[in-house]
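# Topology and contacts: notes
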Protein chains: 2
Amino acid sequence: MADILHRVGIRASADAVYRALTTQQGLAGWWTSQTKGDGDQVGKIIEFRFGAGGFDMRVVTLTPPMFIRWEVATGPEEWLGTTIEFELKQDGEYTIVLFKHLDWKEPVEFMHHCSTKWAIFLMSLKSLVESGKGNPDPHDVKIDNWN
Amino acid sequence: MADILHRVGIRASADAVYRALTTQQGLAGWWTSQTKGDGDQVGKIIEFRFGAGGFDMRVVTLTPPMFIRWEVATGPEEWLGTTIEFELKQDGEYTIVLFKHLDWKEPVEFMHHCSTKWAIFLMSLKSLVESGKGNPDPHDVKIDNWN
């Protein structure tokens, strides 16, 4: 198994970051404009669509405003069986986000791409919460020939 | 063991990317302005210094212009025993860089930070090679309260 890990610090309250991770409006503001559904209750499905495809996430754990876990319900084959976690904690004026995309079967080239792309989207989350403006798909920063 | 993986695509020749990864001028243009030494021969040591500390890397493998491997010679405790690889390959008009920072003993919080920070620096490498201007330390994009 292989994992993608990231850490960003956001100058805002944990509540503000949590909202950006659990509401349609928040998620559409940093990950993809084509987001359908809120992620504010366990069991809910959030639909994320991109130019090239998309994912459905099932919310499986919520501990407001400190922890969120999603399971990939549908998506590209490499994402099936993987889990995504956001752990939030306060550190001075920052809310630290520890991000994990866990349990990739193999460290395939697509995983390398997704790792870099997650960093870009987490910086978009930081920007959204700090300044009110993120860079969600299709306005996201492009990293390679895949996106 | 845990690994950091990334993928960026650079609209330039593999030779140009390889130069940015094996010369003092190139490395100082995207990673840290305080770079001392070239990385163009196996056995050489490159010194990288940042505001908060630094690393010395030993060049252990070179296959111009497609593969570079460094061992961490000195650096923070968590980096000792780890290895850094850059694999380059052509894909249409892009040179794809598959980056690996391998063999972390534990997936500590500092590893989460370094994973995001590597993505930022690889985007700086892309920018340097494509446009002539990167964002090396101390002009790098800050991601959290650690840097």
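Residues numbered from 1 in each chain as written. Chains lettered and ligands numbered in written order. Predicted model: local features only at pLDDT ≥ 70, side-chain atom pairs only at ≥ 80, totals over all residues. Heavy atoms only, no water.

### Structural notes on the relation of the copies chain A and chain B
Expressed as a screw operation, the relation of chain A to chain B combines 0.0 Å of axial shift with a rotation of 180°, fitting to an RMSD of 0.0 Å. What the rotation and shift describe, once combined, is the action of a two-fold rotation axis. Judged by C-alpha distance, Ala119 of chain A is the residue of chain A that lies nearest the rotation axis, at 3.2 Å. A shared binding surface is used by both copies, with 100% of the interface residues of chain A retained as interface residues in chain B. (Least-squares fit on C-alpha atoms with pLDDT ≥ 70 in both. Contact = heavy atoms within 4.5 Å.)

### Thoughts on the pattern of salt bridges
Residues and elements named next belong to chain A. Here the structure, examined in full by the defined rule, presents 24 salt bridges over all chains. Lys142 is the partner of Asp140 in a salt bridge, and the nearest nitrogen-oxygen pair spans 2.6 Å. Exposure remark for Asp140: the relative accessible area of 5% places this residue in the buried category. Accessibility expressed as a relative area gives 37% for Lys142, which makes it partly exposed. (Salt bridge = Lys/Arg side-chain N within 4 Å of Asp/Glu carboxyl O. Buried < 20%, exposed > 50% of the residue type's maximum accessible area, 1.4 Å probe, protein only.)

### Points about the pairing of strand β5 (residues 67-74) of chain A
Residue and element names in this part refer to chain A. Here seven bridges tie strand β4 (residues 53-63) to β5, and the two strands are oriented antiparallel to one another. Looking across to β5, one finds that Arg58 is bridged to Glu71. Between β4 and β5, which pair antiparallel one after the other, the connecting turn spans three residues. Examined bridge by bridge, β5 and strand β6 (residues 83-91) share five bridges and lie antiparallel to one another. By the bridge assignment for β6, Trp70 is matched with Ile84. (Pairing = 2+ DSSP bridges. Helix = DSSP H or I, 4+ residues; strand = E, 2+ residues; numbered from the N terminus.)

### Notes on the sheet that holds strand β6 (residues 83-91) of chain B
Residues and elements named next belong to chain B. Pairing is antiparallel across the open sheet formed by seven strands, whose spatial order is β1-β7-β6-β5-β4-β3-β2. Here the strands that pair on one side only, and so sit at the sheet edges, are β1 (2-10) and β2 (34-36). Sheet twist, expressed as the average angle between the axes of neighbouring strands with direction ignored, equals 20°. Relative to strand β7 (residues 94-104), β1 is paired through eight bridges, and the arrangement is antiparallel. When the bridges of β7 are listed, Val8 appears paired with Val97. (Axes fitted to C-alpha atoms, helices over the stretch in contact; angles between N-to-C directions.)

### What about the interface of chain A and chain B?
Counting residues at the interface gives 30 residues for chain A, matched by 30 residues for chain B. For the pair chain A and chain B, the two sides together bury roughly 2,400 Å², of which 55% comes from carbon and sulfur. Of all residues in chain A, Leu5, Arg7 and His112 of chain A give up the largest surface area on contact with chain B, accounting jointly for 29% of the area buried on that side. Where chain A touches chain B, the interface holds six salt bridges. A salt bridge links Asp144 of chain B to Arg7 of chain A, with the shortest nitrogen-to-oxygen separation between them at 2.8 Å. (Buried area = accessible area lost by both parts, 1.4 Å probe.)

### Things to note about helix α1 (residues 14-22) of chain A
Burial of α1 of chain A is extensive: seven of the nine residues sit out of reach of the surface. If you check which residues of α1 of chain A are buried, you get Ala14, Ala16, Val17, Tyr18, Ala20, Leu21 and Thr22 of chain A.

### What to know about the environment of Met57 of chain A
Residues and elements named next belong to chain A. You can see Met57 is positioned in strand β4. Between the alpha carbons of Met57 and Lys44 there is a distance of 8.2 Å; along the sequence they are 13 residues apart. Those residues within four positions of Met57 in sequence are excluded, and the remaining contacts are Trp31, Lys44, Ile45, Ile46, Phe48, Trp70, Glu71, Val72, Ala73, Trp79 and Ile84.

### What to know about unusual backbone geometry
With an omega of 10°, the peptide bond between Asp137 of chain A and Pro138 of chain A qualifies as cis. Within the element layout of this structure, Pro138 of chain A appears in the segment after α3 (109-131). Here Pro64 of chain B and Pro65 of chain B are connected by a cis peptide whose omega angle stands at -10°. By secondary structure assignment, the location of Pro65 of chain B is in the loop between β4 (53-63) and β5 (67-74). Even without being a glycine, Asp103 of chain A presents a positive backbone phi close to 70°.

### What to know about α3 of chain A
All names here are of chain A. Between its first and last C-alpha, α3 extends 33 Å over 23 residues, near the 33 Å set by a 1.5 Å rise per residue. The buried fraction of α3 amounts to 18 of the 23 residues, a majority that puts the element mostly inside the structure. Remark: Gly132 follows α3 within two positions and exhibits a positive phi of approximately 90°. (Expected span 1.5 Å × (residues − 1).)

### Side note on the UniProt feature "domain: Activator of Hsp90 ATPase homologue 1/2-like C-terminal" (unreviewed entry) in chain A
The feature "domain: Activator of Hsp90 ATPase homologue 1/2-like C-terminal" (unreviewed entry), as given by UniProt, occupies residues 12-130 of chain A in the numbering adopted here. The span residues 12-130 of chain A shows a helical share of 32% and a strand share of 40%, and its end C-alpha atoms are spaced 6 Å apart. (UniProt positions renumbered as here; feature names shortened; annotations may be inferred.)

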